[in-house]
Amino acid sequence: MIEERRHTLVFSQFTEMLGLIGQALEKDGIAYTTLTGDTPGKTRTQRVVRFQQVRFRSF
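J.: Lay out the overall build of the protein in plain terms, naming residues and giving numbers.
T.: A count of helices and strands for the protein gives two helices and zero strands. Scored against the burial criterion, the 59 residues of the protein give a buried share of 17%. A sequence separation of at least 24 residues applies to 52% of the contacts in the protein between residues at least 6 apart. Total accessible area computed for the protein in this model is approximately 4800 Å², and 53% of it derives from carbon and sulfur atoms.

Structure (structure tokens):
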């Protein structure tokens, strides 16, 4: 998917799982961002815009 420049969305009710996925992405040098219920509104908006602008491949 990375070679094809595709975006990936991962949904999970378990923030611990998102943390584990984040660790694996970091290990592989893949940029990503996360949104949780604790993400403030302004930050949430900024992260969505960055994802849409292809700065992050995984969300």
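J.: Give me a nonpolar patch on the surface: which residues, what numbers.
T.: A surface patch of nonpolar side chains, amounting to about 330 Å² of accessible area, comprises Phe-14, Met-17 and Leu-20. With respect to the helices and strands, the residue Leu-20 is situated in helix 1 (residues 15-27).

J.: Give me the side chain of Thr-39: which residues, what numbers.
T.: Within the element layout of this structure, Thr-39 appears in the loop between helix 1 and helix 2 (41-52). Among the residues examined, Thr-39 registers a relative accessible area of 10% and is labelled buried. Only 2.9 Å separates the side chain of Thr-39 from the backbone nitrogen of Thr-36, close enough to count as a polar contact. In this structure Thr-39 touches Thr-34, Arg-44 and Arg-47, once residues within four positions along its chain are discounted.

J.: Kindly report on the environment of Gly-22, identifying the contributing residues and their values.
T.: Along the chain, Gly-22 turns up in helix 1. For Gly-22, a relative accessible area of 2% gives the class buried.

J.: Account for helix 1, naming residues and giving values.
T.: The end-to-end C-alpha distance of helix 1 is 18 Å, a good match for the 18 Å that 13 residues give at a rise of 1.5 Å each. Turning to helix 1, its buried residues number three or more, namely Leu-18, Gly-22 and Leu-25. For helix 1, the angular spread of the buried residues around the axis is 60 degrees, confining them to a single face. Away from its buried face, by an angle of more than 90 degrees, helix 1 presents the exposed residues Glu-16, Gln-23 and Lys-27. A positive phi of about 70 degrees marks Gly-29, the residue just after helix 1.

Definitions and limits used
Residues numbered from 1 in each chain as written. Predicted model: local features only at pLDDT ≥ 70, side-chain atom pairs only at ≥ 80, totals over all residues. Heavy atoms only, no water. Helix = DSSP H or I, 4+ residues; strand = E, 2+ residues; numbered from the N terminus. Buried < 20%, exposed > 50% of the residue type's maximum accessible area, 1.4 Å probe, protein only. Contact = heavy atoms within 4.5 Å. Areas by Shrake-Rupley, 256 points an atom, 1.4 Å probe, with all protein chains shown as cover. Patch = residues over 30% accessible without salt bridge, like charges linked within 9 Å, V, L, I, M, F, W, Y side chains within 5 Å. Salt bridge = Lys/Arg side-chain N within 4 Å of Asp/Glu carboxyl O. Polar contact = N/O pair within 3.5 Å; in protein donor to acceptor, adjacent residues only side chain to side chain. Expected span 1.5 Å × (residues − 1). Arc of directions from axis to C-beta.

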